[in-house]
Amino acid sequence: MDHAGLLTHVALSAIQVHDVALCRPLLEQAVVLRAGDLLLEDRGLLDGAIFSAWKRQRRVEVIMPLNANMLATKEAIQWAAMADQWQAHPSRADQTIALVRGVEHRWAECDVPLNAWVIRCWKKKKKGTDPLVLVTTDLSLSASWIVRHYAERPEIEPDYEQMKSGGWQLQKLSATR
């Protein structure tokens, strides 16, 4: 178990309860989180206060995508475009990535330093790029490192896309079903 942890806490609730509200007690008290751990989160646990506490009190690092409508996201995209310092994506030839340091001042709930990595993805339907912004509390991470490790996160989005496309033969997709 040198490279992974075991799931030791479980929370169950009605589907209407938001991920953060349901998981907050587990996340704040989880004994399996140790100094030096790195959590790969999704947007369902977008909570700057929890990330700040993990970083300050427990020295646990986080990588996660930001929502498109957040000020930190918009500023990171603008700064990346202005700096025009794009690197090749480590594993996808049609994507580029740029580092933007210090976006935490645009996320009121987060009070620890954050670096953002803006990834430009080409979208055929839009005939243009669609940026994705990953942030991390670990300021030492390189582009190749953050992309490689974030890709290890369970494939939530592909499963969701498969559900939406009818691959799971659901009659209706809604938050209550």
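About the cut-offs
Starting afresh in each chain, residues are numbered from 1 along the sequence in its written order. A pLDDT threshold of at least 70 governs which residues receive local features in this predicted model, and a stricter bar of 80 or more applies before side-chain atom pairs are shown or counted, although totals over entire chains, interfaces and linings include all residues. Excluded from the side-chain calculation are hydrogens and water; included are all heavy atoms of the structure. Helix numbers and strand numbers start at the N terminus; a helix is a DSSP run of H or I with at least 4 residues, a strand a run of E with at least 2. We call a residue buried when its accessible area falls under 20% of the maximum for its residue type, exposed when it is over 50%, and partly exposed in between, using a 1.4 Å probe and counting protein chains only. Contacts were defined at the residue level, with two residues in contact if any of their heavy atoms lie within 4.5 Å. The method behind every accessible area is Shrake-Rupley, applied with a 1.4 Å probe, and residues are considered shielded solely by the protein chains displayed. Strands are treated as partners if at least two bridges between them are detected by DSSP. Axis definition: a line fit to C-alpha positions, over the contact stretch in the case of helices; interaxial angles, taken between N-to-C directions, run 0 to 180 degrees. Just to be clear on terms, a salt bridge is a Lys or Arg side-chain nitrogen sitting within 4 Å of an Asp or Glu carboxyl oxygen. Joining through side-chain atoms within 4.5 Å is the link that ties buried Ala, Val, Leu, Ile, Met, Phe, Trp, Tyr and Cys residues into a set, and such a set is a nonpolar core. N or O atoms closer than or at 3.5 Å make up a polar contact, with two conditions inside protein: a donor-capable atom paired with an acceptor-capable one, and, for residues adjacent in sequence, both atoms drawn from side chains.

(A) Expanded view of the overall build of the protein. Along the backbone of the protein there are five helices and six strands. Per-residue burial for the protein yields a buried fraction of 34% across its 177 residues. Intrachain contacts of the protein at a sequence separation of at least 6 include 51% that bridge at least 24 residues. Element-wise, carbon and sulfur atoms account for 53% of the exposed surface of the protein, whose accessible area totals about 11400 Å².

(B) View of the sheet that holds strand β2 (residues 61-65). Spatially, β1-β2-β6-β5-β4-β3 is the arrangement adopted by the six strands of the open sheet, whose pairing is mixed. The open sheet has two edge strands with one neighbour each: β1 (38-40) and β3 (87-88). Contacting β1, β2, β3, β4 (95-101), β5 (115-123) and β6 (128-136), helix α4 (residues 143-150) crosses the sheet at an angle of about 75° to β2.

(C) Expanded view of the pattern of salt bridges. Applying the stated rule across the entire model yields three salt bridges. With a closest N to O distance of 2.7 Å, E61 and K55 form a salt bridge. For E61, a relative accessible area of 13% puts it in the buried group. Between D111 and R56 there is a salt bridge; the shortest N-O distance is 2.5 Å. Highlighted residues: D111 in the loop between β4 and β5 and R56 in helix α2 (residues 48-58), separated in sequence by 55 residues.

(D) Structural view of the pairing of β5. As defined by bridge partners, β4 adjoins β5 across seven bridges and the pair is classed as antiparallel. Bridged to L99 within β5 is W117. Where β5 and β6 come together, nine bridges link them in antiparallel fashion. By the bridge assignment, A116 is partnered in β6 with V135.

(E) Summary view of the nonpolar core. The biggest cluster of nonpolar side chains holds 26 residues, and the ones touching the most others in it are W54, V103 and W107. Secondary-structure elements contributing two or more residues to this core are α2, β2, α3 (71-83), β4, β5 and β6. I63, I97, I146 and V147 belong to the second largest nonpolar core, which has eleven residues in total.

(F) The side chain of H89, seen in detail. Along the chain, the position of H89 falls in the loop between β3 and β4. Engagement of the side chain of H89 in a polar contact is seen with the backbone nitrogen of R92, the distance being 3.1 Å. Leaving out residues up to four positions away in the same chain, H89 has contacts with Q95, T96, I97, I119 and V147.

(G) Local environment of unusual backbone geometry. If you check the backbone angles, R59 has positive phi at about 60° while not being a glycine. Within the secondary structure, R59 is located in the loop between α2 and β2.

Keep in mind these values describe shape, not function.
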